[in-house]
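Below, each chain spelled out in residue letters.
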Amino acid sequence: RPKPRQAATELVFSRSMIRALALHRRSFAAASLTAGLLVAPVVSQEPPTAHTGSAVDTAAALLFQSHDLLTLTIEAPLKTIFKDRGQESDESPAILSYVDEQGSTVSVPVDIKTRGKARLSSSICNFPPLRLDFPRNETEGTLFAGQDKLKLVVHCQDRRSEYEQYVLEEYLIYRSYNLLTTLSFRVRLALITYIDTEQDRDDITKYAFIIEDDDAMAARNGWQAIAAPVVPPDALDPEQLALLEVFQYMIGNKDWSAFSPEPEKPDCCHNVVPVGDPHGPVFSVPYDFDLSGLIFTRYANRLFDQNLKRLDLRSVRQRMYQGLCDSGLFLDGTFELFNEKKEAIYTLYREQDGLDEEELRESLEYLDEFYEVINDPSKVRRDILRKCRNL
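Residues numbered from 1 in each chain as written. Predicted model: local features only at pLDDT ≥ 70, side-chain atom pairs only at ≥ 80, totals over all residues. Heavy atoms only, no water.

Engineer: If you had to explain the overall build of the chain to someone new, which residues and values would you point to?
Structural biologist: A tally of helices and strands in the chain yields 10 helices and 10 strands. A burial count over the chain gives 52% of its 391 residues as buried. Of the contacts formed within the chain by residues at least 6 apart in sequence, a portion of 70% connects residues at least 24 apart. Working note: accessible area of the chain is about 18,500 Å², and carbon and sulfur atoms make up 48% of it. (Helix = DSSP H or I, 4+ residues; strand = E, 2+ residues; numbered from the N terminus. Buried < 20%, exposed > 50% of the residue type's maximum accessible area, 1.4 Å probe, protein only. Contact = heavy atoms within 4.5 Å. Areas by Shrake-Rupley, 256 points an atom, 1.4 Å probe, with all protein chains shown as cover.)

Engineer: Can you break down the nonpolar core residue by residue, with the values?
Structural biologist: Within the largest apolar cluster, 80 residues are counted, with the highest numbers of intra-cluster contacts made by Phe209, Phe247, Val275, Phe338 and Tyr349. In terms of residue count, helix 3 (residues 162-180) provides more of this core than any other element does, 10 residues in total. Excluding residues that lie within four positions of it along the chain, phenylalanine 209 makes contacts with Lys151, Leu152, Val153, Val167, Glu170, Tyr171, Tyr174, Val187, Arg188, Leu189 and Ala190. Grouped together as the second largest cluster of nonpolar side chains are 31 residues, Val108, Val110, Phe127 and Phe144 included. (Core = buried A, V, L, I, M, F, W, Y, C linked by side-chain atoms within 4.5 Å.)

Engineer: Which residues make up the state of the cysteines, and what values do they have?
Structural biologist: Scanning all chains against the criterion turns up 3 disulfides. With its sulfur 2.0 Å from that of its partner, cysteine 325 forms a disulfide with cysteine 388. Taking the sign of the S-S torsion, about 90° here, the bridge from cysteine 325 to cysteine 388 comes out right-handed. In this pair, cysteine 325 sits in the loop between helix 7 (305-311) and helix 8 (331-350) while cysteine 388 sits in the segment after helix 10 (377-385), placing the two residues 63 residues apart along the sequence. For cysteine 388, a relative accessible area of 21% puts it in the partly exposed group. (Disulfide = S-S within 2.5 Å.)

Engineer: Explain the sheet that holds strand 1 (residues 70-76) to me, and be specific about the residues and the numbers.
Structural biologist: Spatial strand order, 1-2-3-4-5-7-6: 7 strands in a closed barrel with mixed pairing. Strand-to-strand twist of the sheet, defined as the mean angle between neighbouring strand axes without regard to direction, takes the value 40°. Across 4 bridges, strand 4 (residues 130-133) lies against strand 5 (residues 149-153) in antiparallel orientation. Bridged to leucine 130 within strand 5 is leucine 152. (Pairing = 2+ DSSP bridges. Axes fitted to C-alpha atoms, helices over the stretch in contact; angles between N-to-C directions.)

Engineer: Report on the side chain of serine 97, specifying residues and quantitative values.
Structural biologist: Looking at the element boundaries, serine 97 is found in strand 2 (residues 92-99). Residues contacting serine 97, with those up to four places away along its chain left out, are Thr71, Leu72, Thr73, Thr105, Val106 and Ser107.

Engineer: Summarise unusual backbone geometry; cite the residues concerned and give the values.
Structural biologist: Of note, the amide linkage connecting cysteine 268 to cysteine 269 takes the cis form, showing an omega dihedral of 15°. With respect to the element layout, cysteine 269 can be found in the loop between helix 5 (238-251) and strand 9 (272-276). Across the junction of glycine 280 and proline 281, the peptide omega takes the value 0°, indicating a cis bond. Located in the positive-phi region is glutamine 199, a residue other than glycine, with phi close to 55°. Since its relative accessible area comes to 72%, glutamine 199 is described here as exposed.

Engineer: An account of the pattern of salt bridges is requested, with residue identities and associated values reported.
Structural biologist: Two side chains bearing opposite charge may form a pair once their charged atoms approach each other closely. Summed over the entire model, instances satisfying the criterion amount to 20 salt bridges. Among the ionic pairs, aspartate 158 bridges to arginine 201, the shortest N-O distance being 2.6 Å. Of the two residues, aspartate 158 sits in the loop between strand 5 and helix 3 while arginine 201 sits in the loop between strand 6 (187-196) and strand 7 (204-211), which places them 43 residues apart along the sequence. Judged by its relative accessible area of 16%, aspartate 158 falls in the buried class. Residue lysine 309 is joined to aspartate 305 by a salt bridge in which the shortest nitrogen-to-oxygen separation is 3.4 Å. (Salt bridge = Lys/Arg side-chain N within 4 Å of Asp/Glu carboxyl O.)

Engineer: Help me get a handle on the sheet that holds strand 8 (residues 224-225), residues and values and all.
Structural biologist: Here we have 3 strands laid out as an open sheet, ordered 8-9-10, and antiparallel in their pairing. A single partner strand is all that each edge strand has here, and the edge strands are strand 8 and strand 10 (282-286). Of the strand pairs in this sheet, strand 9 and strand 10 are connected by 5 bridges, and their pairing is antiparallel. Counted as the bridge partner of valine 272 is proline 286 from strand 10.

Engineer: Provide a residue-level description of the pairing of strand 10, including the pertinent values.
Structural biologist: Strand residues, when the strand is regular, have side chains that alternate between the two faces of the sheet. Here strand 10 lies mainly inside the structure; 5 of its 5 residues are buried. Residue alternation in strand 10 divides its side chains into two sets, Val282, Ser284 and Pro286 and Phe283 and Val285, and both sets are buried.

Engineer: Explain the environment of phenylalanine 296 to me, using residue names and the numbers behind them.
Structural biologist: Along the chain, phenylalanine 296 falls in the loop between strand 10 and helix 6 (300-303). For the pair phenylalanine 296 and glycine 252, spaced 44 residues apart in sequence, the C-alpha separation works out to 9.2 Å. The residues touching phenylalanine 296, leaving out its near neighbours within four places in the chain, are Tyr166, Asn301, Ser315, Val316 and Arg317.

Engineer: Any details on the side chain of arginine 119? Residues and values, ideally.
Structural biologist: If you trace the backbone, arginine 119 turns up in the loop between strand 3 (105-114) and strand 4. Engagement of the side chain of arginine 119 in a polar contact is seen with the side chain of aspartate 288, the distance being 2.9 Å. Leave out the neighbours within four places in its chain, and arginine 119 touches Arg85, Ile124, Cys125, Pro128, Pro129, Val153, Glu170, Asp288, Asp290 and Tyr299. (Polar contact = N/O pair within 3.5 Å; in protein donor to acceptor, adjacent residues only side chain to side chain.)

Engineer: How would you explain helix 10 if you had to name every residue and give the values?
Structural biologist: Think of an α-helix as turning once every 3.6 residues; residues three or four places apart then point the same way. The set of residues buried in helix 10 consists of Pro377, Val380, Asp383 and Ile384. Along helix 10, the residues classed as buried sweep out an arc of 140° about the axis, all on the same side. Lining the buried residues of helix 10 we find helix 5, helix 8 and helix 9 (357-374). (Arc of directions from axis to C-beta.)

Engineer: So what's going on with the packing of aromatic side chains? Which residues, and what values?
Structural biologist: Summed over the entire model, instances satisfying the criterion amount to 18 aromatic pairs. Among the aromatic residues, ring-to-ring pairing joins Tyr171, Tyr174, Tyr177, Phe209, Phe247 and Phe289 into one connected group. Stacked on the ring of tyrosine 371, the Lys or Arg lysine 342 has its end atom at 4.9 Å from the ring centre. (Phe/Tyr/Trp six-rings, centres within 6.5 Å; stacked < 30°, edge-to-face > 60°. Lys NZ or Arg CZ within 6 Å of the ring centre and 35° of its normal.)

What follows is the structure, encoded as structure tokens:
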């Protein structure tokens, strides 16, 4: 356990002061939301009424109840699918199959299309990210029962072994955030054999992982996903926001925003999904970590080049705190949580099958640097408190 340490902010805030600030923020948020700054999506059923943060059962829970490696086969017209890389790409019919606990092969029809942003480009990935669209009446009694649309993160490049390492490392980032909060996307690692029914490419078997659907993640926590053009900072739960900000700092990710959308997109936010209640509170749930310093993909610096210059950074490997100054009130409690979960996070990395020794060493060293900062008051002042943003 970490040694008792001086408060990182070197300021003494009473519990009553913190509660008062949180109440003020939430009151402001409720007023903002009621005024129409956030608009809830149309949902097919009433959302859960218990907003306790405890998990609730959903029909789509079976897939994510285990962390055991899935072995899947996807048979699809990959040549046709990969040619269509627009934001409005068409779906193509495919078959997804696996062997169940009884040793029987289960085949599920599924529609597949390309998806994504940077990784959608053929100059980055010759094997782009995919979206799986399951017909509900065809999944009953299978591992994919209750699923609708799921994101599949794939290996990106067929002939570069380090790209499979990127898959494992991004998967571990999602798992690490799961350890810190249930308000996070669950993931399931898979070893997938891809069979091109157009016979344009050889069969290949690579690591991939499936990401929980936005609405399922929100419902599991007793909330709903929210559609809005922007999310005012004061609308967000301040403790959860501090957790998000410190987590992004831990993994060295600067490719996100909890308040505004990415360019040319109508809804907030950038690589963050707002969930909660249209009248408050709102929580930001992060995704898409391939440009983080912890992974340090081959293409990260090139894609993030303009932002690196704007931030006066040389590499995505460099950390830069992008949290709000108001979050300083919650940093001590947030740091305590990270310290409590440190060994569990490190264990995820040490026990991950398929992760190369060199990748493991570099990942743990990168995490060590983060823990050195949050447990040293002088480094907290220099690298976090003096870098915070006032909005």
